[in-house]
Amino acid sequence: MTSFDADPSGFVHQDEEEPPSPMGVATGSTPASATFGLPRISRQPMLFSDRELFPRFSPDGAVCPPRCSVRTRHFRREFFPDVPDRLWNDWQWQVRHRFRTLAQISRVLELCDDERAALLQGASMLPVGITPYYMSLLDRDDPQQPLRKTVVPRLAEFVHSPGEAEDPLDEESDSPVPGLVHRYPDRVLLLVLDFCSSYCRYCTRSRVVGHGEITPGRARLERAIDYIARTPTVRDVLRSGGDPLVLADEKLDWLLGRIRQIRHVEIVRIGTKVPAVLPQRVTPSLVKMLRKHHPLWMSLHFIHPDECTPESYRACARLADAGIPLGSQTVLLKGVNDSVPVMRDLMHSLLRMRVRPYYLYQCDPIVGSAHFRTSVDTGLEIIAGLRGHTSGYAVPHYVIDAPGGGGKIPLQPQTVVERCDDCVVLRNYEGNLYCYPDENRQSGRR
Ligand code: SF4
């Protein structure tokens, strides 16, 4: 029995995996089961090419996606040479072998002074956790690599800047039951657990995620389900966390089934980063179970095109083939994805993976996030660089989740230049002006 197998009640164990406190970056010893003690190598191949990522077609037209990126193959050869495919592709093995400490991480990455000091300090709000698969995508020598910045802590995390708060969205005050946020009348957010297989350093819920306080215990979940059942205005339940997909299949099945029994709940959504950081979790048995609970939607969390690997492609294909509409949520992050070319590549890759770009979030002002936050103008410039220049499907809604609990507020580059009595002057994506007749406005008609 592994440390992450289903327990008798159907929940996953988190015993040795999750730190009991935010001191999750202790410099403790490497798990005996991890084969990290190999010499570091200085060269590593490029991540992958388009030819690798996107499916080839066999003569009979069947899709033949590649198995993994060159970089992941190289990483496995160097650091997990004795681990067979059977284990590498086992999501529970991936979770058990996460990189969590300075000792573990420094064996595979050439850490800069800043990263090393942050790992040594080890008392930020969020623990460290990186699956071996996601670690294989990180650049070993370059601390400025976008993916690496999002999972390896930096000293800037410990700086509390003006305007930052532990709970900037004020979710706690809209929480009628522990772990349930009811902000909008017709939908609720159910925090199923606070565990993630990899921890993003900009996480909006770093005040709770990884702390071991929100557990998927049956009693708490029954209280949340009871609240939803007693609140007939709720037609949409978003399950998030933490990452709900790290629950055992049986527990997920139970929870989805209980919510489905509530007649006024029309749709269920799952928010997850699993296809990006732990694509091995998307097994045939998981999708077979999920498809019983339609209409089920998923919001996937991708932040950079380098996450769109053959493994992620396959995970998304399985979910899409099960009839689950897939949308993406991306956080705008300085030095990670704050340019038009990077964002366009990401959105195009997502569309090729059958994921519809949904939201682009301005980074929330959580404590220690100043180094990740761009100006709002940067976000608007990115949207202006996408809108009209590529398919409309590739343009997400750029939103700010208003501090203090105001909800998501969309932002758009200004396209209405002038309003006349009988027309409106508009600017197109190339900057040209056009006049649209708007007689109805003059006559007061709508
Ligand atoms: S996966 Fe989501 S909940 Fe988990 S650390 Fe990342 S942003 Fe936070």
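Residues numbered from 1 in each chain as written. Predicted model: local features only at pLDDT ≥ 70, side-chain atom pairs only at ≥ 80, totals over all residues.

A. Structural detail: the overall build of the chain. On a plain count of helices and strands, the chain comes out with 16 helices and 14 strands. The burial tally for the chain puts 41% of its 446 residues in the buried class. For the chain, long-range pairs separated by at least 24 residues make up 77% of all intrachain contacts whose partners lie at least 6 apart in sequence. (Helix = DSSP H or I, 4+ residues; strand = E, 2+ residues; numbered from the N terminus. Buried ≥ 20, exposed ≤ 12 C-beta atoms within 10 Å, placed from the backbone. Contact = placed C-beta atoms within 7 Å.)

B. Spotlight on the site of the ligand. Around the ligand, the neighbouring residues are Cys-196, Tyr-199, Cys-200, Cys-203, Arg-205, Val-209, Gly-241, Gly-242, Asp-243, Lys-273 and His-301. Here the shell around the ligand is built from residues that sort into five nonpolar, three polar and three charged. (Near = placed C-beta within 6 Å. Nonpolar A, V, L, I, M, F, W, Y, C, P; charged D, E, K, R; others polar.)

C. Spotlight on the nonpolar core. Membership of the largest hydrophobic core comes to 93 residues, with the highest contact counts inside it found for Val-188, Leu-190, Tyr-199 and Leu-333. In contact with Val-188, not counting residues within four places along its chain, are Leu-180, Val-181, His-182, Ile-228, Val-234 and Val-237. (Core = buried A, V, L, I, M, F, W, Y, C linked by C-beta atoms within 7 Å.)

D. Structural view of the sheet that holds strand 12 (residues 416-419). Taken in spatial order, the three strands make up an open sheet running 12-13-14, and their pairing is antiparallel. Whereas interior strands pair on both sides, the edge strands pair on one side only; in this sheet they are strand 12 and strand 14 (433-437). Each strand axis lies, on average, 25° off the axis of its neighbour in the sheet, ignoring direction. Where strand 12 meets strand 13 (residues 423-427), three bridges bridge the pair, whose relative direction is antiparallel. Bridged to Val-416 within strand 13 is Leu-426. (Pairing = 2+ DSSP bridges. Axes fitted to C-alpha atoms, helices over the stretch in contact; angles between N-to-C directions.)

E. Representation of the packing of helix 14 (residues 340-352) against helix 15 (residues 376-386) in the model. The N-to-C vectors of helix 14 and helix 15 enclose an angle of 60°; their axes lie 9 Å apart at closest approach. Judged by the inter-axis angle, helix 14 sits oblique to helix 15. In this structure, the crossing between helix 14 and helix 15 has a hand that is right-handed. Facing Val-340, Met-343, Arg-344 and Met-347 of helix 14, the residues of helix 15 in contact are Ile-382, Gly-385 and Leu-386. For the contact of helix 14 with helix 15, the class distribution of residues is five nonpolar, one polar and one charged. (Parallel < 35°, antiparallel > 145°, perpendicular 65-115°, else oblique. Left-handed = near helix turned anticlockwise from the far one by under 90°.)

F. Structural context of helix 2 (residues 70-79). Along helix 2, the residues that are buried comprise Arg-71, Thr-72, Phe-75 and Phe-79. The buried residues of helix 2 occupy one face: seen down the axis, they fall within an arc of 95°. Buried positions along helix 2 lie against helix 7 (132-135). (Arc of directions from axis to C-beta.)

G. Looking closely at the sheet that holds strand 4 (residues 187-191). Strand order across the open sheet formed by nine strands is 3-4-5-6-7-8-9-10-11, with mixed pairing between neighbours. Looking at strand neighbours, the two that pair on one side only are strand 3 (180-181) and strand 11 (407-410), the edges of this open sheet. Summarising the sheet, strand 3 and strand 4 pair through two bridges and their orientation is antiparallel. Note on strand 4: the bridge partner recorded for Leu-180 is Leu-190.

H. Representation of the environment of Gly-404 within the structure. Among the secondary structure elements, Gly-404 is positioned in the loop between strand 10 (397-402) and strand 11. On the basis of neighbour count, Gly-404 is assigned to the exposed category, with 10 C-beta atoms found within 10 Å. Taking the C-alpha atoms as reference points, Gly-404 and Asp-170, 234 residues apart in sequence, are found 5.2 Å from one another.

I. Geometry of the pairing of strand 4. Within strand 4, four of the five residues are buried, which leaves the element mostly enclosed by the surrounding structure. Hairpin connection between strand 3 and strand 4: a loop of five residues separates the two successive antiparallel strands. In the sheet, strand 4 pairs with strand 5 (residues 236-240) via five bridges, with the strands oriented parallel. Bridging across to strand 5, Leu-189 finds its partner in Leu-238. Tracing the backbone out of strand 4, into helix 9 (residues 218-229) and back to the parallel element strand 5 gives a crossover that is right-handed. (Right-handed = clockwise from strand over helix to strand, strands pointing away.)

J. Representation of the confidence of the model for the chain within the structure. Residue-level pLDDT values for the chain average 86, and 83% of them are 70 or greater. With pLDDT under 50 throughout, residues 1-46 is counted as low confidence; its partners more than four residues away or in other chains account for 96 contacts. (pLDDT = per-residue confidence, 0-100.)

K. Examining helix 9 more closely. With 12 residues, helix 9 should cover 16 Å at 1.5 Å per step; its first-to-last C-alpha distance of 16 Å lies within 8% of that length. The complete set of buried residues in helix 9 reads Leu-221, Ala-224, Ile-225 and Ile-228. Each buried residue of helix 9 sits inside an arc of 100° when the element is viewed along its axis, so together they form one side. Relative to its buried face, helix 9 has exposed residues pointing more than 90 degrees away, namely Ala-219 and Glu-222. (Expected span 1.5 Å × (residues − 1).)

L. Up close: unusual backbone geometry. Pro-295 follows His-294 through a cis peptide bond whose omega is 0°. In this fold, Pro-295 is placed in the loop between helix 12 (284-290) and strand 7 (296-301). Backbone geometry places Arg-354, a non-glycine residue, at a positive phi of 65°. Among the structural elements, Arg-354 can be located in the loop between helix 14 and strand 9 (356-362). Accessibility expressed as a C-beta count within 10 Å gives 15 for Arg-354, which makes it partly exposed.

M. The arrangement of the environment of Val-355 in detail. By the element assignment, Val-355 lies in the loop between helix 14 and strand 9. Here the alpha-carbon distance between Val-355 and Pro-325, two residues 30 residues apart in the chain, equals 7.8 Å. Setting aside anything within four residues of it in sequence, one finds Val-355 in contact with Leu-300, Cys-316, Leu-326, Gly-327, Ser-328 and Leu-350.

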